[in-house]
Amino acid sequence: MLFWHVPAPNEAMLISGSRRQSQDTQFRIVTGHGSFVVPVKQKARMLSLALQESEIAEDCVTQQGIRLTVRAVCVFKVGDDAVSIANAARRFLSEQNQMQELVGRIFAGHLRSIIGGLTVEQIIRERSRVAQEVVAGSHGEMEKLGIVVDALQIQEIEDATGYIDNLAAPHAAAVASQARIAQAKADQEASEREQQAAALKAEYERDTAIKRAGFLAETEQSKARAAQAGPLAEARATQEVTEERTALAERNAALTAQRLEAEVRRPADAEAYRKRTLAEADRDRVKFEADAGAYAERTLSQAQADANAARAASLRDGNQELIAANRIVENLPALADAAARGMAGADLTVLNGTEGVNQIAAGIVSQALAVLHSLQHSAVPTAASTASTKGTAAGASNADPNINGRPTPRLPEGS
């Protein structure tokens, strides 16, 4: 409508000539909504509440007497409360475009006073402190002007005398040295990594070449094996035939050896065993004959000695039976000789060798001796009955030197 006015969100509408007043401002402040303005009787003006910026570039002298040029930026606006709007309206309503310059001058004065009490080192290291002290020093003035400071930042500090450069020189040199060292280390690491990369590349190329050579060798081997497959198969077949022939020859040799074993060696061993057995039998027979003859001779000698002793005793005692037995004893050699010839010509099998021969011979002679001993024992009882006729018999014996056609030996005196 023509008489209805609405301020923008960042504006405050000031209506003068109205009867309704707020906080003794003598005008009505409208923000955020519209209001009816009576023409001729009332008048409406707009005050900007937008954020504004003021740049400050001021030459300052520090506590050490060093001149510095300080550049800062101040961000401010008119306060949102009615008191701040009223204060700003009374001072800047008709000169709102000069607000930035006026605020910049106020902050420049406070900045000079604050820096004058600090050293260059403090200003450099504590810029936020300087900004806070400037804002705190100008708070009273800004409140009277209805301005609220949102931020104050010191952007740059210039030193025409070179003091700041001299302060920074050692640090700059140290930093430059560290930078060079870091650069050298970086270059060294880069070189090492390049060498490692080159080594890895060379190793990879070597492995690739080895693998390629291995693949080529396997290919060549496969080709060679393929080319030699025919000769190898023929050689294997020939080898198998040779092995079969060798096995057949070995089997034939084994069969020949078995045939020789059965047809030649075993019959030869049997014949040799037969001849050896026959030879041993002949040897045992000859030994038997020799042992029998020797034993017979020893037995006959012993028998003759016993017979002679018995004859002498019988002649001495006049024992006719013993004299008759003497004839039997005299015939014992002939009997033993006949028995030996019979045994020599007989086909006897002696089981226990020489001992068996001795037993046979001893049996023959012992039978003859048994006859002799029986005659001797039978003659003993008659010896007593003939004792009375000893003299007659003795005389007869001496008178007749022949008994049974044989001369009887004369015993010596005292026998």
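Everything numeric here is computed off the predicted structure, so don't read it as measured data. (Residues numbered from 1 in each chain as written. Predicted model: local features only at pLDDT ≥ 70, side-chain atom pairs only at ≥ 80, totals over all residues. Heavy atoms only, no water.)

Draft legend 1. Highlighting the overall build of the chain. A tally of regular secondary structure across the chain gives eleven helices and ten strands. In the chain, buried positions account for 23% of the 415 residues. Once local pairs closer than 6 in sequence are excluded, the contacts in the chain between residues at least 24 apart make up 72%. Looking at the chain as shown, the accessible area adds up to about 27,700 Å², and 54% of this sits on carbon and sulfur atoms. (Helix = DSSP H or I, 4+ residues; strand = E, 2+ residues; numbered from the N terminus. Buried < 20%, exposed > 50% of the residue type's maximum accessible area, 1.4 Å probe, protein only. Contact = heavy atoms within 4.5 Å. Areas by Shrake-Rupley, 256 points an atom, 1.4 Å probe, with all protein chains shown as cover.)

Draft legend 2. Structural context of the side chain of T119. As for its placement among the helices and strands, T119 is situated in the loop between helix 2 (99-116) and helix 3 (120-125). Under the relative-accessibility criterion, T119 is labelled buried at 17%. Apart from the residues lying within four places of it in its own chain, the contact partners of T119 are Q63 and Q64.

Draft legend 3. Broad picture of the sheet that holds strand 6 (residues 52-61). The strand order across the open sheet formed by three strands is 6-7-8, and the pairing between neighbours is antiparallel. The open sheet terminates on both sides in strands that have one partner only, identified here as strand 6 and strand 8 (147-159). The sheet shows a mean angle of 20° between the axes of neighbouring strands, taken without regard to direction. Relative to strand 8, strand 7 (residues 67-78) is paired through eleven bridges, and the arrangement is antiparallel. Its bridge partner being in strand 8, V70 is matched across the sheet by I157. Against the sheet, helix 2 engages strand 6, strand 7 and strand 8, with an angle of about 35° to strand 6. (Pairing = 2+ DSSP bridges. Axes fitted to C-alpha atoms, helices over the stretch in contact; angles between N-to-C directions.)

Draft legend 4. Region of interest: the environment of G162. Relative to the assigned elements, G162 resides in the loop between strand 8 and helix 6 (163-317). In sequence terms G162 and I66 are 96 residues apart; their C-alpha atoms lie 9.8 Å from each other.

Draft legend 5. Representation of the sheet that holds strand 3 (residues 27-30). In space, the three strands of this open sheet follow the order 3-2-5, with antiparallel pairing throughout. Strands at the two margins of the open sheet, each flanked by one partner only, are strand 3 and strand 5 (43-48). Each strand axis lies, on average, 25° off the axis of its neighbour in the sheet, ignoring direction. As defined by bridge partners, strand 2 (residues 11-16) adjoins strand 5 across six bridges and the pair is classed as antiparallel. Bridge pairing links A12 to L47 in strand 5. The strands touched by helix 1 (residues 82-92) are strand 2, strand 3 and strand 5; relative to strand 3, the strand with the most contacts, the crossing angle is about 120°.

Draft legend 6. Region of interest: helix 2. The terminal C-alpha atoms of helix 2 lie 26 Å apart, and with 18 residues this matches the ideal 26 Å at 1.5 Å per residue to within 8%. Among all positions of helix 2, only M99, V103, G104, I106, F107, A108, H110, L111, I114 and I115 are buried. (Expected span 1.5 Å × (residues − 1).)

Draft legend 7. Representation of the confidence of the model for the chain in the model. The predicted model of the chain has a mean per-residue pLDDT of 75, with 72% of residues at 70 or higher. No element of the chain has a lower mean pLDDT than strand 9 (residues 402-403), which averages 38, and none a higher one than strand 7, which averages 86. Scored below 50 in pLDDT, residues 379-415 makes 26 contacts in the model with residues more than four places away or belonging to other chains. (pLDDT = per-residue confidence, 0-100.)

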